[in-house]
2 protein chains.
Amino acid sequence: MTDDLRAILGPKGFTDDPVDMAPWLTDWRGRRTGRARALVSPASTQEAAAVARWAVANRVPIVPQGGNTSMVAGATPSADGDALILSTRRMARIRSISAEDDLLVAEAGVTLQTVHDAAEAAGRRFPLSLAAKGSATVGGLVSTNAGGTQVLRFGPMRALLLGIEAVLPDGSLFEGLSGLRKDNRGYDLRQLFAGAEGTLGIVTAAALRLVPAVAQRVVAWVGLPDAGSALTLLRRLEAATGDAVESFELVPANALALVLAHIPGTRAPLAGEHAWHVLVEATAVSAEPPLGSRIEAALADAAADGVVADAIVAASGAQADALWKLRESISEAERADGVAAKHDVSVPVAAMPGFIASARAATEARFPGTRVIAFGHLGDGNVHFNVRAPAASDGAAWLVGQGDEVSAFVHDLVGAAGGSISAEHGIGQLKLAEFARTAGSARLAAVRAIKAALDPLGIMNPGKLVPPPQA
Amino acid sequence: MTDDLRAILGPKGFTDDPVDMAPWLTDWRGRRTGRARALVSPASTQEAAAVARWAVANRVPIVPQGGNTSMVAGATPSADGDALILSTRRMARIRSISAEDDLLVAEAGVTLQTVHDAAEAAGRRFPLSLAAKGSATVGGLVSTNAGGTQVLRFGPMRALLLGIEAVLPDGSLFEGLSGLRKDNRGYDLRQLFAGAEGTLGIVTAAALRLVPAVAQRVVAWVGLPDAGSALTLLRRLEAATGDAVESFELVPANALALVLAHIPGTRAPLAGEHAWHVLVEATAVSAEPPLGSRIEAALADAAADGVVADAIVAASGAQADALWKLRESISEAERADGVAAKHDVSVPVAAMPGFIASARAATEARFPGTRVIAFGHLGDGNVHFNVRAPAASDGAAWLVGQGDEVSAFVHDLVGAAGGSISAEHGIGQLKLAEFARTAGSARLAAVRAIKAALDPLGIMNPGKLVPPPQA
């Protein structure tokens, strides 16, 4: 049945060898393993469209896959083995870059690191970054509306998306790569595809907004008496520097302790003990006036007022990188330490310090022996709220036995606070049941209606994002 | 038949008196006049939902209307008189405002001016502005994805939209007002409603992003040898000031001449004659360092390099307002001078100077006697490209006889340049045929499919945005 596909794509573009396919059948977190009919790797938009037309004709599902770094198993096929995995890895060309237009057009398989490098070579910058940047691809970044550490200033992927090209579920091509800054022609399909997780079609290329290159970068690590002071500090820094603050990452004492315990070469950035820390990064596109002195002055004022307990401003790029390593190693340190039920939640920004305190207390009381580590993008009202298995337990068994109950408990707290159970990771497979449980009927009906309208055969990434109708 | 509605809404919320309805049956530009069964003005979301349920039960169309300032007759009912006009004017409450969260929640009928005032009273700012701010409402701004003069820095309405509440076409309520900075739960309905022109439901409230108040504002008027120099200047100013430039408006000599001829109290801002002008506004949220001196230095450098012919930086708020009045009076001056076929087009930013030159020449050659005035948001790649009727002609008769042909010609030039036939005004009624002609089959199919999925009865603002299937 797949002989036609093999003919369309050639030997580099088609395999059904189990050994070749194996790495792409399990998600990055190792939570789901599926099966696939074949792994297809079109080299062009035209080949991707040909795959889609074949899939329509044969009623075969397609699972688009970029860097396979989904946090919610959003690019992993189901266990039935019906689907094709459509890898974008061979569609990895930067089609154009214009410093004058602040515009870069990249095919879906281009990695984020490659986008960064190309922008830098043109004297510009693509201001979205995340830990998986060496693997994560443009198609995946669009399809998950990726976040990362610079959302505070530049917004998530959808805010940087000036156009898309996509193969629609009927095999037709949507050509929307114009790169226009303003375009009010009908429903914004570009925005609909951002975060659609491949369920409405295959994003084959994107037009991305660039910004001026950075001339000054200031990184500071701040110790705080409490999480509420963090927000006060953020507003003070914003007032002192305008839009300069682009990362504002919250790190609790217990997360820092895990990093220091498990990650070689790390050391405490401040002398004393502090309940909370934030990592601040601010940038400026002109060399003058000096940004560092304004931030140091704002930190000194905040210290005098008791908002800040202690702070250090990195004196070199190496020191800045060392501070960032503390933040970026939290997930790795957590994994080294054991198992946790992980959540990616948001509430309104001003409510986050209070939410962290109350939700942590409620969760640790309800599930004795657990410890909550809540860290991340405080400036966006988004933290990773991870509930660690009791020290005495078999972590894996605890997760299997208790994980769903813990997650439902945490998500109900989030719901009561007006928040989201998926701030940046999406729904994929792993959050599908909780999305269906918590989303509300109007939202679910709209999501299902849109899916059914654009993909009536249900060919595009089935089993992700769109909850099946209730039995 | 409408007695039930009268009972639901009370005397303040219902009228079918032709005199009362008359002002709302014709669009702001006077291009379309419709008829309506009644004018309903619900005082609350619940009443709006009740109207929608009644409309579903009785298969009666609803035309949502805010300030009735659509440029494309997007809020004007059709001539058949079947529809209700649903005015949002009584839903005019600001529900909440939080300086700490940079968040304002306003009902659909709140005017933009009121949003500005409320933000200012809280020490913050809502950074979207347009000429109709005293009439334009939040619901309309969302539903048209409004642009204006600050898109360059802050983006259009969708970039400032942190949540919506909407009555869906089945009368159910979508409650998405959380005001979250990050939320990746399924398709982004908020973004889908932004620019949907009321065709998918009635936006009843919106959560809007605020930004820090302005501490410094610098306004300059610059004379230029050519339009290409304008872009060079923009990139220089951006490099000199970071994100400070928020308006960069292009004014050709012929537009300035019309303003000086028709608008009392205006005078030429510069001594000499210049083919092109730009109005620049830059702001900073902190009082230091001084922004004016950096802009003056950049302008002086540009003048030394021949990029700028002459420039003046406003020395007072009154002088700044006088410069803005020159820009904002262009449309009024054009109306006073006669009739034009108007277009709201975008192309990639870097291509705009060349597009203006070539499209103007082509249009004036193809339609002898016409004169093109192209002005507006150069920094966004968006100009208003207006083709003035030949001086010797009866303008109104020319527009009726030639307008469609002129518009098709201009739109084809835009299409060839990879641009949009509606950068910020939307489709409404006036651009529906041209949208259908130029959009491409994949885009049209997707727009129709989404509309049919979410509004299967076709009740919400029929005859706008969604081209009917071809006969």
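Residues numbered from 1 in each chain as written. Chains lettered and ligands numbered in written order. Predicted model: local features only at pLDDT ≥ 70, side-chain atom pairs only at ≥ 80, totals over all residues. Heavy atoms only, no water.

1. Structural notes on the pairing of strand β3 (residues 62–65) of chain B
Residues and elements named next belong to chain B.
Phase 1: Alternating residues of β3 divide into Ile62 and Pro64 and Val63 and Gln65, and every residue in both groups is buried.
Phase 2: Bridge count for β3 against strand β4 (residues 84–87) is four bridges, and the pairing is parallel. Looking at β4, one finds that Val63 is bridged to Ile85. (Buried < 20%, exposed > 50% of the residue type's maximum accessible area, 1.4 Å probe, protein only. Helix = DSSP H or I, 4+ residues; strand = E, 2+ residues; numbered from the N terminus. Pairing = 2+ DSSP bridges.)

2. Comments concerning helix α11 (residues 317–328) of chain B
Residue and element names in this part refer to chain B.
Phase 1: Its 12 residues place the ends of α11 16 Å apart at the C-alpha level, agreeing with the 16 Å of an ideal helix rising 1.5 Å per residue.
Phase 2: Buried within α11 we find Ala320, Leu323, Trp324, Leu326 and Arg327. Taken down its axis, α11 places every buried residue within 150 degrees of arc, on the same side.
Phase 3: Along its buried surface, α11 packs onto β12 (216–224), β13 (245–252), α9 (253–262), β14 (276–284), α12 (330–337) and β18 (371–377). (Expected span 1.5 Å × (residues − 1). Arc of directions from axis to C-beta. Contact = heavy atoms within 4.5 Å.)

3. Some details on the side chain of B:Glu107
All names here are of chain B.
Phase 1: Among the structural elements, Glu107 can be located in strand β6 (residues 103–107).
Phase 2: At a separation of 3.1 Å, a polar atom in the side chain of Glu107 contacts the side chain of Arg95.
Phase 3: Not counting residues up to four positions away in its chain, the partners in contact with Glu107 are Met91, Ala92, Arg93, Arg95, Val138, Thr204 and Ala205. (Polar contact = N/O pair within 3.5 Å; in protein donor to acceptor, adjacent residues only side chain to side chain.)

4. Topic: the relation of the copies chain A and chain B
Phase 1: Superposing chain A onto chain B takes a rotation of 180 degrees combined with a translation of 0.0 Å along the rotation axis, leaving an RMSD of 0.0 Å. Those values place the two copies in the arrangement expected of a two-fold rotation axis.
Phase 2: By residue overlap, the copies meet face to face through one surface: 100% of the interface positions of chain A are interface positions in chain B. (Least-squares fit on C-alpha atoms with pLDDT ≥ 70 in both.)

5. Side note on the domain arrangement of chain A
Phase 1: Along its sequence, chain A is carved into domain 1 (3–87), domain 2 (94–212), domain 3 (216–331) and domain 4 (338–416).
Phase 2: Each of domain 1 of chain A and domain 3 of chain A has a C-alpha centre, and the two are 43 Å apart. (Domains from an automatic or database assignment.)

6. Details of the packing of aromatic side chains
Phase 1: This structure, assessed with the given rule, holds four aromatic pairs over all chains.
Phase 2: Between the aromatic rings of A:Phe355 and A:Phe385, the centroid separation amounts to 6.1 Å while the plane-to-plane angle is 55 degrees, which identifies the pairing as tilted. Separated by 30 residues along the polypeptide, A:Phe355 in helix α13 (residues 352–366) and A:Phe385 in strand β19 (residues 382–388) bring together distant segments of the chain. A single burial state applies to A:Phe355 and to A:Phe385, both of which are buried.
Phase 3: Measuring from centroid to centroid gives 5.5 Å for A:Phe367 and A:Phe409, while their planes differ by 85 degrees, and the two rings are edge-to-face. You can see A:Phe367 sitting in the loop between α13 and β18 (371–377) and its partner A:Phe409 sitting in helix α14 (residues 395–416), a full 42 residues away along the chain.
Phase 4: For A:Phe367, a relative accessible area of 4% gives the class buried.
Phase 5: Residue class for A:Phe409 comes out partly exposed when judged on its relative accessible area of 23%.
Phase 6: When the ring centre of B:Trp24 is taken as reference, the NZ or CZ atom of B:Arg89 above it lies at 4.1 Å.
Phase 7: The ring of B:Phe367 has B:Arg366 lying over it, and the distance from NZ or CZ to the ring centre is 4.5 Å. (Phe/Tyr/Trp six-rings, centres within 6.5 Å; stacked < 30°, edge-to-face > 60°. Lys NZ or Arg CZ within 6 Å of the ring centre and 35° of its normal.)

7. Considering the pattern of salt bridges
Phase 1: Per the counting criterion, the structure on display carries 52 salt bridges over all chains.
Phase 2: For B:Lys182, the salt bridge identified is with A:Glu424, shortest N-O distance 2.7 Å. With B:Lys182 in the loop between β9 (173–176) and α7 (189–193) and A:Glu424 in the loop between α14 and α15 (432–438), this residue pair bridges two chains. Per residue, the accessibility class of B:Lys182 equals that of A:Glu424, and both read buried. (Salt bridge = Lys/Arg side-chain N within 4 Å of Asp/Glu carboxyl O.)

8. Topic: the interface of chain A and chain B
Phase 1: Counting from both sides, the interface comprises 72 residues of chain A and, opposite them, 72 residues of chain B.
Phase 2: Of the roughly 6,000 Å² buried between chain A and chain B on both sides combined, carbon and sulfur atoms contribute 57%.
Phase 3: Put simply, chain A and chain B have six salt bridges between them.
Phase 4: Its salt-bridge partner being A:Asp380, residue B:Lys182 comes within 3.5 Å of it at the nearest N-O pair. (Buried area = accessible area lost by both parts, 1.4 Å probe.)

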